[in-house]
Amino acid sequence: MIYNVVRNLVQYGLETGVLAQQDAIYARNQILETLKLDAYEEVQAEEENAVCGDLEAILKELLDYAAGEGLIEDSIGYRDLFDTKLMNCLMPRPSEVSAKFWDLYEQAGAEAATDYFYKLSQDSDYIRRYRVCKDQKWVTKTAYGDLDITINLSKPEKDPKAIAAAKLAKQSGYPKCLLCMENEGYAGRLDHPARNNHRIIRITVNDSQWGFQYSPYVYYNEHCIVFNGQHTPMKIERAAFVKLFDFVKQFPHYFLGSNADLPIVGGSILSHDHFQGGHYTFAMAKAPMEKTYRMEGYEDVEAGIVHWPMSVLRLRSENPDRLIELGDKVLGAWRGYTDEAAFVFAETEGEPHNTITPIARKKGKDYELDLVLRNNITTEEYPLGVYHPHQELHHIKKENIGLIEVMGLAVLPSRLKDELALLGEYLVEGKDVRSNEMLEKHADWVDGFRPQYGALTSENVEGILQEEVGKVFARVLEDAGVYKCTKEGRAAFERFLNRVGFTG
C-alpha cells in the first residue's frame, strides 16, 4: 500500500504547515516521480492505522520500499540522501521561506520570525528530531555554575558502504564547504550531506550578504549559524565585533559568538567565516564578574573578570559601538602580549599564538561583549596545546575546546555512551576496569573518585558517572584557561588588563 504512505507524507506536510493545500497535488506528484511511480490511487486511511504525525515511521516505509525496488542501496548513507529528496517534495522555495520570515519580522517581531524558521527547519526534517532526541544530556553543578553535558548521538555513524563508494567516486569541490550558500537545495553525495530540504535566510551583516540557518544537530535551543555569503576564512578583528553586534541588534533575543581563528583553540571549520548563536543562556553568561575595572575615555563601559575557569573579560554598555571600540583595543593588545612569568607568548618562531573567542549578547537595555583570551602554544609535554585538555582528561574529552564548550556546554564523543554504560556494569559488579580494553583508559579516573562513594548499585551508578564526567569537564575548561582561578593567575590576568589601560 505504497500509495497510502505517499498520502501520509503529503498529509504530514499539510498538518505541519510545511505544505500549502494548493500545493498538495503537486507535492504528491513530485514524491511519485522520486519513487519512480507513474500512477496513484487515492486511499482512505483508517484512523487507527494513520501515522501522519510520525515522520520517522512514514519515511522508514518509503525508504524500505525504495530499497526493495532497487532504487537505493539499503544503508544509512543512501537512505539519508533519498529521504532528504523526498522531504524536498513538500518544501516551499527559498524565496517563499524568506518572504514569510521577513513579513513575520516586520509584522510580529524578530522572535516570531525565528520561531517560524526554527519550526520549519524541524518539520522539514533538516533537523532530524528523532535523532537529536537520542543525545544524552544532563547538568552538573560546579563552583562555576551549572555546566551542560551532552553526549552527541545525533550524527549518524559512518556508513561502511558509503565510505567504500565515496573512495571510488570522482572528487568534487562543490560546494566548497558545509557552510557555503551553495548547500541550499544540494542533493548531496556519499561524502557530503544532502541539503535538498535546507533553507537559508539572507541577512545583511556589516553591509554584506550573510546567511542565517540552524545547525542540523542543535546542541542547544535554536542553535543557529550565521555565515559569510562568500567562502572566506575566519578572522578575529574589529570587523568581527561589528558583525556580532549587527546580528544581535537585529535579533536581540539571540546571542552570537565566534570560534577563535587559530588551530587548536579554533573551531572545526576555519576556512569559512561564520558565527554560532541561539536562544539559550549558558552558564558563562550567568557567571558574575569577580572584579570590575574602568578605563579612561571609556567611563560608560563597565568591564570585569568573569568568575569562570577560562579567562574572560566582560565589557558592558548601552552603546554597542563603544564595546566594539574597546574590544578592538583589547584584541590588539592581546595579539602582541607576552608574559613569560605566566607562560604567555604572543608568538614563537614567527607563529602567532594569541587570539580571542568573542561572544555578544543583549541583556535588558545593556549590550555585553565577552572576550575569552586564548593561546594555542604547544610544548613537548603538551603537544596538543598547553591551554587544551591535558592528557589525563583525554579519556573523556580530547577534542578542541571551541565556542560551545567555552560557554559551558560539553559536546562529548558518542563512544562514551557505550563506554559509560559498560563502566557502570563493571563498577556495580566489582569487576576490574583495567581488564577491559575499551575501559582501561578510564581506570585512573575511577580510582580517583571511587573512594568518595559507598555502595554502587544499578540505581545510582549512572548518576554518579554523570556527576564525575561533569567534574572532568570543569577541569577541561580549567586546563583551557590561560589564567587560572588562583591568586597568581588572577594577578597575571590583571597585569594584562593594566597593560591595556584598565584600572581596578
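Everything below is about the structure shown above.
Residues numbered from 1 in each chain as written. Predicted model: local features only at pLDDT ≥ 70, side-chain atom pairs only at ≥ 80, totals over all residues. Heavy atoms only, no water.

S.K.: Account for the overall build of the chain, naming residues and giving values.
M.R.: The helix and strand inventory of the chain stands at 16 helices and 16 strands. If one aligns the C-alpha atoms of the chain with their principal axes, the spans along those axes are about 80 × 60 × 45 Å. Residues classed as buried in the chain amount to 55% of the 504 residues present. Of the roughly 22,700 Å² that the chain leaves accessible, carbon and sulfur atoms contribute 48%. Between the mean site of the 57 positive side-chain charges and the mean site of the 78 negative ones, the chain shows a separation of 3 Å. (Helix = DSSP H or I, 4+ residues; strand = E, 2+ residues; numbered from the N terminus. Buried < 20%, exposed > 50% of the residue type's maximum accessible area, 1.4 Å probe, protein only. Areas by Shrake-Rupley, 256 points an atom, 1.4 Å probe, with all protein chains shown as cover. Lys, Arg positive; Asp, Glu negative; His and termini not counted. Charge placed at Lys NZ, Arg CZ, Asp CG, Glu CD.)

S.K.: How would you sum up the pattern of salt bridges? Please name residues and give values.
M.R.: Side-chain pairing between opposite charges can occur once the charged atoms of the two side chains come close. Per the counting criterion, the structure on display carries 38 salt bridges. For Lys119, the salt bridge is made with Asp123, and the minimal N-O distance between the two is 2.5 Å. Here Lys119 and its partner Asp123 are both found in helix α6 (residues 110-123), four residues apart, which amounts to about one turn of the helix. Taking the relative accessible area as the measure of exposure, Lys119 reaches 40% and is therefore partly exposed. (Salt bridge = Lys/Arg side-chain N within 4 Å of Asp/Glu carboxyl O.)

S.K.: Give me the environment of Leu244: which residues, what numbers.
M.R.: The residue Leu244 is located in helix α9 (residues 238-250) in this model. Here the alpha-carbon distance between Leu244 and Val205, two residues 39 residues apart in the chain, equals 8.3 Å. Apart from residues no more than four positions distant in its own chain, Leu244 is found in contact with Leu256, Gly257, Ser258, Phe275, Pro358 and Ala360. (Contact = heavy atoms within 4.5 Å.)

S.K.: Which residues make up the sheet that holds strand β15 (residues 409-412), and what values do they have?
M.R.: Here we have three strands laid out as an open sheet, ordered β1-β2-β15, and mixed in their pairing. Where the open sheet ends on each side, the last strands, each with one partner, are β1 (136-142) and β15. For this sheet, the mean angle separating the axes of adjacent strands, direction not counted, is 20 degrees. Pairing of β1 with strand β2 (residues 145-151) involves seven bridges; the strand directions are antiparallel. When the bridges of β2 are listed, Lys137 appears paired with Thr150. Where helix α15 (residues 461-480) meets the sheet, its contacts fall on β1, β2 and β15, and the angle it forms with β1 comes to roughly 65 degrees. (Pairing = 2+ DSSP bridges. Axes fitted to C-alpha atoms, helices over the stretch in contact; angles between N-to-C directions.)

S.K.: Summarise the side chain of Glu419; cite the residues concerned and give the values.
M.R.: Relative to the elements of secondary structure, Glu419 occurs in helix α13 (residues 415-429). Look at Glu419 and you get buried, because its relative accessible area is 5%. Separated by 3.1 Å, the side chains of Glu419 and Lys441 make a polar contact. The contact partners of Glu419, leaving out residues within four places of it in the chain, are Met438, Leu439, Lys441 and His442. (Polar contact = N/O pair within 3.5 Å; in protein donor to acceptor, adjacent residues only side chain to side chain.)

S.K.: Help me get a handle on empty space enclosed by the protein, residues and values and all.
M.R.: Following the criterion strictly, the structure yields one cavity of 30 Å³ or more and no others. Looking at the largest cavity, the residues that line it are Met91, Phe117, Leu120, Ser121, Ser124, Tyr126, Asn197, His198, Arg199, Gln213 and Tyr214. Contributions of two or more residues to the lining of the largest cavity are made by α6 and β4 (208-214). With three residues, the single largest contributor to the lining of the largest cavity is α6. Each residue belonging to the lining of the largest cavity can be placed in one class, and the counts come to five nonpolar, five polar and one charged. (1 Å grid on protein atoms, 1.4 Å probe; cavity = no way out; pocket = protein on both sides within 12 Å on 5 of 7 lines; lining within 4 Å. Points joined across faces, edges and corners; volume = space filled by probe spheres on them. Nonpolar A, V, L, I, M, F, W, Y, C, P; charged D, E, K, R; others polar.)

S.K.: Report on α9, specifying residues and quantitative values.
M.R.: In this model, α9 (13 residues) spans 19 Å end to end at C-alpha, consistent with the 18 Å of a helix rising 1.5 Å per residue. With ten of 13 residues buried, α9 lies mostly within the body of the structure. All of the buried residues along α9 are Ala240, Phe241, Val242, Lys243, Leu244, Phe245, Asp246, Phe247, Val248 and Gln250. (Expected span 1.5 Å × (residues − 1).)

S.K.: Describe the nonpolar core, listing the residues and the values that go with them.
M.R.: One finds Leu9, Phe212, Phe247, Leu315, Tyr483 and Phe502 to be the most contacted residues of the largest nonpolar core, which totals 97 residues. Here Tyr483 is in contact with Pro309, Ser311, Trp334, Tyr337, Ala342, Val344, Leu373, Gly489, Arg490, Ala492, Phe493 and Phe496, once residues within four sequence places are set aside. (Core = buried A, V, L, I, M, F, W, Y, C linked by side-chain atoms within 4.5 Å.)

S.K.: If you had to explain unusual backbone geometry to someone new, which residues and values would you point to?
M.R.: The linkage connecting Tyr174 with the following residue, Pro175, adopts the cis geometry, with an omega of -15 degrees. Its place among the elements puts Pro175 in the loop between α8 (160-168) and β3 (201-205). The phi dihedral of Ile264 is positive, around 80 degrees, even though this residue is not glycine. Looking at the element boundaries, Ile264 is found in the loop between β6 (255-257) and β7 (274-278). The exposure class of Ile264 is partly exposed, given its relative accessible area of 21%. Phi at Glu349 is positive, roughly 50 degrees, even though this residue is not glycine. Within the secondary structure, Glu349 is located in the loop between β11 (347-348) and β12 (351-352). In this structure Glu349 comes out as exposed when scored by relative accessible area, which is 87%.

S.K.: Can you tell me about the sheet that holds β6, naming the residues and giving the values?
M.R.: Read from one edge of the open sheet, eleven strands run β3-β4-β5-β7-β6-β13-β14-β10-β9-β8-β16, paired in antiparallel fashion. The sheet is open, and its two borders are formed by β3 and β16 (502-503), each paired with just one other strand. As judged from the four bridges shared by strand β9 (residues 302-306) and strand β10 (residues 312-317), these two strands associate in the antiparallel manner. Pairing of Ala303 across the sheet is with Leu315, part of β10. The sheet contacts of helix α5 (residues 94-108) involve β3 and β4, and relative to β3 the element is tilted by about 55 degrees. Packing against the sheet, helix α16 (residues 487-500) makes contact with β8 (289-295), β9, β10, β14 (366-375) and β16, and its axis sits at approximately 20 degrees to β8.

Coordinates in, geometry out; function isn't part of it.
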